[in-house]
Amino acid sequence: MSGILVIAEQRRGELRPATLEMVTAAQAVRRPGSRLAVALLADEPQRFVAAVSVPGVDEIVTVPLAVRDFDPDALEAALGALIGARRPSLVLVPHSIDSFGYAAALAVKGGYGFASDVFRIAREGEALLATRGGYGQKVNVELDFPGKAVVLLTVRANVFKPPEGQATPAVSTFAAPAARVRLIGREYIEVSAGDDIDMTGAEFILAIGRGVGEQANVEQFRELADAIGAALGCSRPIADAGWLPKSRQIGQSGKTASACTLYLAMGISGAIQHLAGMKHVATIVAVNQDASASIFSVATYGVVADIFEFGAALRAQFRS
Amino acid sequence: MKVLVAVKQVAALDEDFAIRADGRDVEADFLVRDLNEWDDYSLEEAMKIKEAAGTPVEVLAVCVGAEEADEALRKCLAKGADRAIRVWDDALAGADAIAIARVIAAVARREQPQLLLAGAQAADHAFASTGIAVAALLEWPHAAVITQLAYTAGAQSAVVRRELEGGVLHEMQIECPAVLTIQLGINTPRYASLRSIKQAAAKPIEVLTPADLKMTPGEVGEAGSLSRVRRMYVPEKGRAQMIEGSIDEQAARVAQLIRERTGGAA
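Residues numbered from 1 in each chain as written. Chains lettered and ligands numbered in written order. Predicted model: local features only at pLDDT ≥ 70, side-chain atom pairs only at ≥ 80, totals over all residues. Heavy atoms only, no water.

(A) The sheet that holds strand β10 (residues 139-144) of chain A, seen in detail. Pairing within the open sheet is antiparallel, and its 4 strands lie in the order β8(A)-β9(A)-β10(A)-β12(B). On the outer flanks of this sheet lie β8 (120-124) of chain A together with β12 (228-233) of chain B, each paired with one strand and no other. Shown here is a sheet whose adjacent strand axes are inclined to one another by a mean of 30°, direction ignored. Sheet topology note: the β8 of chain A/strand β9 (residues 127-134) of chain A ladder contains 5 bridges and is antiparallel. When the sheet's bridge partners are listed, Arg 123 of chain A is paired in β9 of chain A with Leu 128 of chain A. (Pairing = 2+ DSSP bridges. Helix = DSSP H or I, 4+ residues; strand = E, 2+ residues; numbered from the N terminus. Axes fitted to C-alpha atoms, helices over the stretch in contact; angles between N-to-C directions.)

(B) Quick look at the packing of aromatic side chains. Evaluation of the coordinates by the stated rule reveals 2 aromatic pairs over all chains. The residue whose ring lies beneath Arg 231 of chain B is Tyr 233 of chain B, and the NZ or CZ to ring-centre distance is 4.2 Å. In this arrangement the basic side chain of Arg 259 of chain B is found over the ring face of Phe 318 of chain A, its NZ or CZ atom lying 4.3 Å from the centre. (Phe/Tyr/Trp six-rings, centres within 6.5 Å; stacked < 30°, edge-to-face > 60°. Lys NZ or Arg CZ within 6 Å of the ring centre and 35° of its normal.)

(C) Layout of the side chain of Arg 161 of chain B. In this fold, Arg 161 of chain B is placed in strand β8 (residues 157-164). Arg 161 of chain B gets classed as buried once you look at its relative accessible area, which sits at 19%. Among the polar contacts made by the side chain of Arg 161 of chain B, one reaches the side chain of Glu 171 of chain B at a distance of 2.8 Å. Discounting chain neighbours no more than four positions away, the residues touching Arg 161 of chain B are Ile 189 of chain A together with Val 145, Ile 146, Thr 147, Gln 148, Leu 169, His 170 and Glu 171 of chain B. (Buried < 20%, exposed > 50% of the residue type's maximum accessible area, 1.4 Å probe, protein only. Polar contact = N/O pair within 3.5 Å; in protein donor to acceptor, adjacent residues only side chain to side chain. Contact = heavy atoms within 4.5 Å.)

(D) A look at the sheet that holds strand β11 (residues 151-155) of chain A. Residue and element names in this part refer to chain A. Taking strand neighbours across the sheet as the criterion, the 7 strands line up as β7-β11-β6-β1-β4-β5-β12 in an open arrangement whose pairing is parallel. Since the sheet does not close on itself, it has two edges, and those belong to β7 (113-118) and β12 (170-173), each with one partner. Neighbouring strand axes in the sheet, compared pairwise and without regard to direction, differ in orientation by 20° on average. Relative to strand β5 (residues 59-64), strand β4 (residues 36-42) runs parallel, the two being bridged by 6 bridges. Each bridged residue has a counterpart across the sheet, and for Leu 41 the counterpart in β5 is Val 63. Sheet strands in contact with helix α4 (residues 103-110) are β7 and β11, and its direction is about 170° off that of β11.

(E) Up close: the pattern of salt bridges. One pass over the structure, following the stated rule, counts 49 salt bridges over all chains. A salt bridge links Glu 124 of chain A to Arg 230 of chain B; its shortest N-O distance comes to 3.1 Å. Of this pair, Glu 124 of chain A sits in strand β8 while Arg 230 of chain B is found in strand β12, placing the two residues in two different chains. A relative accessible area of 29% places Arg 230 of chain B in the partly exposed class. For Arg 222 of chain A, the salt bridge identified is with Glu 219 of chain A, shortest N-O distance 3.1 Å. (Salt bridge = Lys/Arg side-chain N within 4 Å of Asp/Glu carboxyl O.)

(F) Up close: the pairing of β4 of chain A. Residue and element names in this part refer to chain A. By the criterion of burial, β4 is predominantly enclosed, with 7 of the 7 residues buried. Burial along β4 is two-sided: Leu 36, Val 38, Leu 40 and Ala 42 and Ala 37, Ala 39 and Leu 41, pointing in opposite directions, are all buried. Relative to β4, strand β1 (residues 4-7) is paired through 4 bridges, and the arrangement is parallel. When the sheet's bridge partners are listed, Ile 7 is paired in β4 with Ala 39.

(G) Representation of the interface of chain B and chain A within the structure. Taken together, the contact pairs 79 residues of chain B with 90 residues of chain A. Taken as a group, Glu 165, Leu 226 and Arg 230 of chain B account for 10% of the area that chain B buries against chain A, more than any other trio of residues on that side. In this structure, the connection of chain B to chain A is made through 12 salt bridges. Measuring nitrogen to oxygen at the nearest pair gives 3.5 Å for the salt bridge that ties Glu 163 of chain B to Lys 246 of chain A. Counting the contacts that link chain B with chain A gives 43 residue pairs in polar contact (both at pLDDT 80 or more). Going through the elements one at a time, β2 (9-13), α4 (130-138), β7 (142-150), β8, β9 (168-175), β12, β13 (241-242) and α6 (247-261) of chain B are the ones with two or more residues in the side of chain B that touches chain A. Residue contributions to the side of chain B that touches chain A peak at 12 residues, all from α6 of chain B. In terms of strand pairing, strand β18 (residues 301-304) of chain A meets β13 of chain B through 2 bridges, oriented parallel. (Buried area = accessible area lost by both parts, 1.4 Å probe.)

(H) Fine view of the environment of Gly 54 of chain B. Tracing the sequence through the fold places Gly 54 of chain B in the loop between α1 (37-52) and β4 (58-64). Separated by 99 residues in sequence, Gly 54 of chain B and Ala 153 of chain B place their C-alpha atoms 8.2 Å apart.

(I) How the structure looks around helix α5 (residues 218-228) of chain A. If you check which residues of α5 of chain A are buried, you get Val 218, Phe 221, Leu 224, Ala 225 and Ile 228 of chain A. Looking down the long axis of α5 of chain A, one finds its buried residues gathered within 120° of arc, a one-sided arrangement. Against the buried residues of α5 of chain A lie β14 (204-208), β15 (231-234), β16 (262-266) and α8 (307-317) of chain A together with α6 of chain B. (Arc of directions from axis to C-beta.)

(J) Molecular detail of the packing of α5 of chain A against α8 of chain A. All names here are of chain A. The geometry of α5 relative to α8 is characterised by a closest axis approach of 10 Å and an angle of 35° between their N-to-C directions. In terms of crossing hand, the pair formed by α5 and α8 is left-handed. For the pair α5 and α8, contact is made by Gln 220, Phe 221, Glu 223, Leu 224, Ala 227 and Ile 228 and by Ile 307, Phe 308, Gly 311, Leu 314 and Arg 315, respectively. By residue class, the composition of the contact of α5 with α8 is 7 nonpolar, 2 polar and 2 charged. (Left-handed = near helix turned anticlockwise from the far one by under 90°. Nonpolar A, V, L, I, M, F, W, Y, C, P; charged D, E, K, R; others polar.)

(K) Looking closely at the environment of Pro 94 of chain A. Residue and element names in this part refer to chain A. Considering the arrangement of structural elements, one finds Pro 94 in strand β6 (residues 90-94). On the basis of relative accessible area, Pro 94 is assigned to the buried category, the value being 2%. For Pro 94 and Val 118, which are 24 residues apart along the polypeptide, the C-alpha to C-alpha distance reads 9.5 Å. Apart from the residues lying within four places of it in its own chain, the contact partners of Pro 94 are Ile 7, Glu 9, Ala 18, Thr 19, Met 22, Ser 99, Thr 154 and Val 155.

(L) Broad picture of the nonpolar core. Grouped together as the largest cluster of nonpolar side chains are 111 residues, with contacts concentrated most on Leu 149 and Leu 180 of chain B. Ranked by the residues each element gives to this core, the list is headed by helix α3 (residues 97-111) of chain B, at 8 residues. Sequence-distant contacts of Leu 149 of chain B, that is, excluding residues within four places in its chain, are made with Glu 45, Ile 49, Leu 115, Leu 117, Ala 158, Val 159, Val 160, Leu 180 and Ile 186 of chain B. In terms of nonpolar packing, the next biggest core, distinct from the first, is built from 41 residues, Leu 20, Ala 26, Val 118 and Ile 121 of chain A among them. (Core = buried A, V, L, I, M, F, W, Y, C linked by side-chain atoms within 4.5 Å.)

Set out below in structure tokens:
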């Protein structure tokens, strides 16, 4: 029972940024003298070696896969063998769309302790403790894993800062057993094509959510956004309903408000998936009728008000 | 041909709530229950397969939960599910997502569906684990966070699109039987008519225990779990600086913030 194994995530030839955050997440529970290894699973894993050669990593294990695209069967077979051979006490995986597709299966097959979307990891004596949210993130839930020699955790993105600088960890390779191919990747499709606005580049965003109520109400917020000089974005339900194009959706499965410095959220309750795309913004102003809405826990300023009344009053402020 | 739809009766918290005396959950009295939003979309997807098929397709809704979970199953029946199974035993209390998956897998072994749909996650605890754990137990192909599904009842494979981060879709072909976890927005779930709600109230819900499904005590509840709740608590949360006053005063303050932070251009 020793060591920590971080599973790197890559897609279409690029390392996913959450990978390096796992290296930092591991430090809090690392025992003196125990080793931290990063596993690179890909058709050509050596191309990612430089990207994960950061301080804190002792070893990089390249695991060549026969498939180029994401294949849960291939990952489960390879990782099951690698974990079986090395018996790390802790395995960290980014909590991501890819890990949604294989992490629980890997844990079940191996009988590992398991928790998903973990944002805090600690040790208390011999016990490993993992903390995640519950009941719509209104409570924290602290978990332990009695009797489990290996614990697999998927770790929330943007919680831990990636290490800075370069290092020269040892590089080894592991030959993974092949899995039968039951799933064939076909193509990647960009859904944002065709819209005139790139939400990732917008500095000031007015985003609307479920509170808008119906499609006919969207127009007044479009007009408001124009009047105050904001790009109009939205949370998932608005895009799913087709009231705004998918390219306007901010959040985990939509766009990240990367360049945004001012975010005005109207009628958005603040689901974790939406927060993932905007909670980093320097100034967030949230307007919501429900004083207990989660959005107020990440906002800089809050207004408890009816969004239509407030929208009309704000519009009046910008009439010359 | 049969499609199994695994559903959950999720719990939201009342505005005021209390943590249970053992510190490991919220007092049940403070939980407001409903069918998981994601599961509404998986059921609709199953109904679409059924309605497009040239041969009979049975849609079976399955839920692990105590008696109050019947309400979630009644919703499924009202929207067109043919049958409903609820599995419960007090030994299932304290089960994590994986131990719930063991029960659903046991039902699937008995029922032999050709497709098993589950929500990509649940609104309450967002484990995003149950469906994929079921697939591992059945040793079936699996794909998560599906926003498009093309499947003809009885076909040997399906074409799915999973929704990746940043507005990208990944199209894949997957062998069936398979487990797919369904993302919001894949379809527009129907509303149940008053008539079908009334009819659903009269339909039977088959109630089973883990023992009925030949599960061993070691697979059930805490024993079959891969994690254990030590404690649950209300975290210290950041709180926005609230802007008070009349609606015009509030709007004036926000307008001022906008002008300050956008250089007064607007």
